[in-house]
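Each chain, letter by letter, is given below.
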Amino acid sequence: MGLFGRKNDTTSTTKGTTKGTAQATAPAAIDPALAALTGDYTIDPAHSTIGFVARHAMVTNVKGSFRDVSGTLHLDGADPSRSTASIDVRMDSIDTGNADRDGHLKSADFFKTEEFPEMTFRTTKAEALGGDDYRVTGDLTILGTTKPLSVDLEFNGSAKDPFGNERVGFEGKAEILRSQWGLTWNAALETGGVLVSDKIKLNFDISAIKAAS
């Protein structure tokens, strides 16, 4: 079941004759289960992760995440174009499993976390791709530089947790070139290439709780 709607198949055949092509198509009825998801949600930081993967020394991947993520979603169960998201990430919450590396990433070589404490994402467009797949496009701001970013999302479903919270879940992925946001530090390797890749893979696991009506 998709979040924003289902593909409306208005064509059927009987004895080789196509029906519906010569008649006006009635608007698809809104699924009550989907309509019930419409509303405002708060991201649950304890069950949400924004992660990244970078190539290191041309031969291996380094994975990391940000532990401090907050934000809000507005979901529209009938019209995906009216759905929005606003996400804030504390940059000094970066965690790659290595304290020295984390310290370097917080420094002036990379994220300059004292000067630019947050990374933000504000959606400008949302669209249904079919089934449970969606795409959101928005403005990603890092180091004070704002560039557009599209994120492909999969809707994982909705549920009421044991505490009575109505939850929705999404997972998504995107890729960026960090140099486009001013993240240009690098070191050359003796064997050729550089220490840190320009391309960064982003992954999102978001759990959000619906606000009480």
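What counts and what doesn't
Residues numbered from 1 in each chain as written. Predicted model: local features only at pLDDT ≥ 70, side-chain atom pairs only at ≥ 80, totals over all residues. Heavy atoms only, no water. Salt bridge = Lys/Arg side-chain N within 4 Å of Asp/Glu carboxyl O. Buried < 20%, exposed > 50% of the residue type's maximum accessible area, 1.4 Å probe, protein only. Core = buried A, V, L, I, M, F, W, Y, C linked by side-chain atoms within 4.5 Å. Helix = DSSP H or I, 4+ residues; strand = E, 2+ residues; numbered from the N terminus. Phe/Tyr/Trp six-rings, centres within 6.5 Å; stacked < 30°, edge-to-face > 60°. pLDDT = per-residue confidence, 0-100. Contact = heavy atoms within 4.5 Å. Polar contact = N/O pair within 3.5 Å; in protein donor to acceptor, adjacent residues only side chain to side chain. Patch = residues over 30% accessible without salt bridge, like charges linked within 9 Å, V, L, I, M, F, W, Y side chains within 5 Å. Areas by Shrake-Rupley, 256 points an atom, 1.4 Å probe, with all protein chains shown as cover. Lys, Arg positive; Asp, Glu negative; His and termini not counted. Charge placed at Lys NZ, Arg CZ, Asp CG, Glu CD.

(A) Representation of the pattern of salt bridges within the structure. In this structure the tally under the stated criterion is six salt bridges. In this structure, Arg 82 engages Asp 76 in a salt bridge whose closest nitrogen and oxygen atoms are separated by 3.6 Å. A residue is classified by how much of its surface remains accessible, and Arg 82, at 57% relative accessible area, is exposed. We classify Asp 76 as buried; its relative accessible area is 8%. Overlapping salt bridges bring together Asp 44, Asp 161 and Arg 167 as one network.

(B) Structural view of the nonpolar core. Counting residues in hydrophobic clusters, the biggest one holds 41 residues, and the most contacted among them are Phe 66 and Phe 111. In terms of residue count, the dominant contributor to this core is strand E13 (residues 196–210) (five residues).

(C) Layout of the packing of aromatic side chains. Considering all chains together, one arrives at four aromatic pairs under this definition. Plain terms: the ring middles of Phe 52 and Phe 66 are 5.6 Å apart, the flat faces sit at 50° to each other, and that makes the pair tilted. Of this pair, Phe 52 sits in strand E4 (residues 49–56) while Phe 66 is found in strand E5 (residues 60–66), placing the two residues 14 residues apart along the sequence. Owing to a relative accessible area of 6%, Phe 66 belongs among the buried residues under this scheme. Ring centres of Phe 155 and Phe 170 lie 5.4 Å apart, and the angle between their planes is 45°; this geometry places the pair in the tilted category. A residue pair is termed long-range when its members are at least 10 positions apart, and Phe 155 in strand E11 (residues 145–160) and Phe 170 in strand E12 (residues 166–177) qualify at 15 residues. Here Phe 155 and Phe 170 have matching classes, each one buried. Among the aromatic residues, those joined into a cluster by ring pairs are Phe 52, Phe 66 and Phe 111.

(D) Spotlight on the confidence of the model for the chain. Scored by pLDDT, the chain comes out at a mean of 88, with 85% of its residues at no less than 70. With pLDDT under 50 throughout, residues 4–22 is counted as low confidence; its partners more than four residues away or in other chains account for 26 contacts.

(E) Looking closely at unusual backbone geometry. For Met 58, which is not glycine, the phi torsion reads 70° and is therefore positive. Within the secondary structure, Met 58 sits in the loop between E4 and E5. For Lys 112, which is not glycine, the phi dihedral falls at a positive 45°. Using a relative accessible area of 34% as the deciding quantity, one classes Lys 112 as partly exposed.

(F) Local environment of the environment of His 47. The topology assignment puts His 47 in the loop between strand E3 (39–43) and E4. For His 47 and Ala 208, which are 161 residues apart along the polypeptide, the C-alpha to C-alpha distance reads 8.5 Å. If we ignore the near neighbours within four places in the chain, the residues touching His 47 are Arg 167, Asp 205 and Ser 207. Separated by 2.6 Å, the side chains of His 47 and Asp 44 make a polar contact.

(G) Examining a negative patch on the surface more closely. Taken together, Asp 133, Glu 154, Glu 171 and Asp 205 make up a surface patch of like negative charges. Mapped onto the fold, Glu 154 is located in strand E11.

(H) Quick look at a nonpolar patch on the surface. A cluster of nonpolar side chains, Met 58, Val 59 and Val 194, forms an exposed patch at the surface whose accessible area comes to about 280 Å². The exposure class of Met 58 is partly exposed, given its relative accessible area of 49%.

(I) Representation of the side chain of Ser 207 within the structure. Counting through the fold element by element, Ser 207 comes out in strand E13. Its relative accessible area of 13% is what places Ser 207 among the buried residues. Separated by 2.9 Å, the side chains of Ser 207 and Arg 167 make a polar contact. Filtering out sequence-adjacent residues up to four positions away, Ser 207 remains in contact with Thr 42, Ile 43, Asp 44, His 47, Ser 48, Arg 167 and Val 168.

(J) Main features of the side chain of Asp 161. As for its position among the elements, Asp 161 is in the loop between E11 and E12. Polar contacts involving the side chain of Asp 161 include one to the main-chain amide nitrogen of Asn 165, which spans 2.9 Å.

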